[in-house]
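Overview (structure and organization)
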There are 2 protein chains.
Amino acid sequence: MKDKKESRREREKFRQRQEMLAAALELFSEKGYHNVSMHEIAEKAEFAIGTLYKFFKNKEDLYKSLITEQADRFHQALTKAIEEPDDEIEKLRNYVKTKREVFAANISVIRLYFAETRGASFNIKAGLDKEIRKRYDQFMHTLAAVFERGIKRKRFQKIADPYHLAVALDSLSNAFLLLWLDSPEDHPFPENPDVILNILFKGLVYT
Amino acid sequence: MKDKKESRREREKFRQRQEMLAAALELFSEKGYHNVSMHEIAEKAEFAIGTLYKFFKNKEDLYKSLITEQADRFHQALTKAIEEPDDEIEKLRNYVKTKREVFAANISVIRLYFAETRGASFNIKAGLDKEIRKRYDQFMHTLAAVFERGIKRKRFQKIADPYHLAVALDSLSNAFLLLWLDSPEDHPFPENPDVILNILFKGLVYT
DNA sequence: TCTTGACAATGTGACGTGTGATTTTATAAT
DNA sequence: ATTATAAAATCACACGTCACATTGTCAAGA
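Below is a short write-up of the structure. (Residues numbered from 1 in each chain as written. Chains lettered and ligands numbered in written order. Predicted model: local features only at pLDDT ≥ 70, side-chain atom pairs only at ≥ 80, totals over all residues. Heavy atoms only, no water.)

1. Concerning the protein's contact with DNA strand D
What counts here: Here a residue is near a molecule or strand as soon as one of its heavy atoms is found within 4 Å of it. In protein, a polar contact requires one atom able to donate a hydrogen and another able to accept it; more generally it is a pair of N or O atoms within 3.5 Å, and residues adjacent in sequence count only if both atoms are side-chain atoms. Numbering of helices and strands runs from the N terminus, with a helix taken as a DSSP run of H or I at least four residues long and a strand as a DSSP run of E at least two residues long. The nonpolar class holds Ala, Val, Leu, Ile, Met, Phe, Trp, Tyr, Cys and Pro. Asp, Glu, Lys and Arg form the charged class, and all remaining residues, Gly among them, are polar.
Around DNA strand D there are 16 residues in total, and A:Ala48, A:Lys54, B:Met38, B:Tyr53 and B:Lys59 lie nearest to it. Close to the protein, within 4 Å, the atoms of DNA strand D belong to sugar or phosphate groups at a rate of 74%. Between DNA strand D and the protein, one listed contact pairs a phosphate oxygen with a backbone N or O atom of B:Val36 at 3.4 Å. Between a phosphate oxygen of DNA strand D and a side-chain N or O atom of B:Lys59, the distance comes to 2.9 Å. Those elements giving two or more residues to the surface near DNA strand D turn out to be helix H3 (49-55) of chain A together with helix H1 (2-31), helix H2 (38-45) and helix H3 (49-55) of chain B. Counting residues per element, the surface near DNA strand D draws most heavily on H3(A), at three residues. Taken together, the residues that form the surface near DNA strand D break down as six nonpolar, six polar and four charged.

Laid out in structure tokens, this is it:
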């Protein structure tokens, strides 16, 4: 019974924390770190200011938790996507497909995430940058491994270093997904994710 | 004589303005918009705060001027780079080469510029985003024209829509240049800019 | 030609005002 | 009684203003 109560309370706390983060996420992604006040977050989450501070040391801590937790979710989803299929080309297809879904469903967070990984974010004094980049780099290496294996198995030509290929695919998919999400009227979503992959797969110049 | 005096003063004012912008640039690129105060800028530029406000309506105006002026410089340099050579492949080579130089010489501004073009920047309330994107999009179209002409002249295969190819080259070059500039120890600058272009030029999968 | 002094233009920086993060104190729930 | 929540108080900081100071201009008089 004691146990049950404890865990019940635990769960309750966790739920509250999630609500706070959800409210914060919505606000941050809409207006940016510096244009959102703790008051606003508290109000949106339907808590008082003081309660926020019971859960998070300060604004920075709140933001940091938010971003890293979201980043973990993304990386987990994408890692799973490239691990599941066996064939390398299918891995890449599944990667693009999953990324498209993740982006579409979380476009607002994605922008914050980019701000952090892409440098030029000065939202918090220090630390987050490193923290996020570590995760990003880790993922980039697992993606590189796919290319490496593909080259070893003679499925891919070695047109570049595997890590470079990973960087290339990452940046290409980011660019196109943002393009499509930014203005679906001008740049509608192609049904086929191969539009992106073909840029890598096919050669531009005649040989 | 009157004329000369006038222009002398004009030039003097311009010089001061430049000094202010230079100081602001250094600070903004180091600490971000919100972590730099007008006082700091004034101090660094060795003017009094009031003087700043003689030149710029407010902080936003200062920042906006800074970014758009820099962006114009970049776009001008890059446009020139793709207009000069006659051959399409040489245009692209020259583009990458020039971009590399521009990035290397202005890495700090570049980050700010990305923050603005890549969304996720909430530095100023409104306007800049649109202003910069307009310029960016304009350039993207002139780059697309290179691909279009290349395809028409049978120098390139039509592996994708010309605009998409422009987006692809832009994002690839950004990604690699940042990679190299971020950690030259881990990822040294290849002497040959074709490292980037080959990803576009050569096909990854065997055909 | 040189000096002088009034007047304009430009530069200064202490201060008013507002905002927002964090703390403290009061209240209610368990 | 102890803990969780709410609301008000504190406190620091940064934008932008404005009355004053400084510098520069120009013409009349020595």
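So much for the structure itself; the text now carries on.
2. Re the nonpolar core
Note the cut-off: Side-chain atoms within 4.5 Å are what join buried Ala, Val, Leu, Ile, Met, Phe, Trp, Tyr and Cys residues into a set we call a nonpolar core. Per-residue accessibility, obtained with a 1.4 Å probe over protein chains only, is compared with the maximum for each type, and a residue is labelled buried under 20%, exposed over 50%, and partly exposed between these values. The contact criterion used throughout is that any non-hydrogen atoms of two residues lie within 4.5 Å.
Counting 130 residues, the largest nonpolar core has A:Leu143, A:Leu169, B:Leu143 and B:Leu169 as its most contacted members. Of the residues forming this core, the biggest block, 14 residues, is contributed by helix H7 (residues 162-182) of chain A. Setting aside residues no more than four positions away along its own chain, B:Leu143 makes contact with B:Ile82, B:Leu92, B:Tyr95, B:Ala166 and B:Leu169.

3. Considerations on the protein's contact with DNA strand C
Around DNA strand C sit 15 residues in total, of which A:Met38, A:Tyr53, A:Lys59, B:Gly50 and B:Thr51 are the nearest. The share of sugar and phosphate among atoms of DNA strand C within 4 Å of the protein is 59%. Interatomic distance of 3.2 Å between a backbone N/O atom of A:Val36 and a phosphate oxygen of DNA strand C. Between DNA strand C and B:Ala48, the relevant distance is 3.0 Å, taken from a phosphate oxygen to a main-chain nitrogen or oxygen of the residue. Secondary structure elements with two or more residues in the surface near DNA strand C: H3 of chain A together with H1 and H3 of chain B. Counting residues per element, the surface near DNA strand C draws most heavily on H3(B), at four residues. Each residue belonging to the surface near DNA strand C can be placed in one class, and the counts come to seven nonpolar, five polar and three charged.

4. Brief notes about the packing of helix H8 (residues 162-182) of chain B against helix H9 (residues 194-201) of chain B
Residues and elements named next belong to chain B. So the rule is basically this: The convention used is that axes are lines fitted to C-alpha atoms, helices contributing only their stretch in contact, and that angles between N-to-C directions extend from 0 to 180 degrees. A clockwise turn of the near helix away from the far one marks a right-handed crossing, whereas an anticlockwise turn of less than a right angle marks a left-handed crossing.
The contact between H8 and H9 brings their axes to 10 Å, and the two run at 145°. As for the relative orientation of H8 and H9, their crossing is right-handed in sense. Contacts between H8 and H9 involve Leu165, Ala168, Leu169, Leu172, Ser173, Phe176 and Trp180 on the former and, on the latter, Val195, Ile196, Leu197, Ile199 and Leu200. Looking at side-chain class alone, the contact of H8 with H9 contains eleven nonpolar, one polar and no charged residues.

5. Quick notes on the relation of the copies chain B and chain A
Which entries qualify depends on this criterion: Superposing the copies works by least squares over the C-alpha atoms of residues that have pLDDT at least 70 in both of them.
Superposition record for chain B on chain A: RMSD 0.1 Å, screw rotation 180°, translation along axis 0.0 Å. Such a turn and shift between the copies fits a two-fold axis. Looking at the interface residues of chain B, 100% of them are also at the interface in chain A, so both copies use one shared face.

6. Description of the environment of B:His164
Residues and elements named next belong to chain B. Position of His164 relative to the elements: it lies in helix H8. Assessed through its relative accessible area of 16%, His164 is described here as buried. Placed 24 residues apart in sequence, His164 and Met140 show a C-alpha to C-alpha distance of 9.6 Å.

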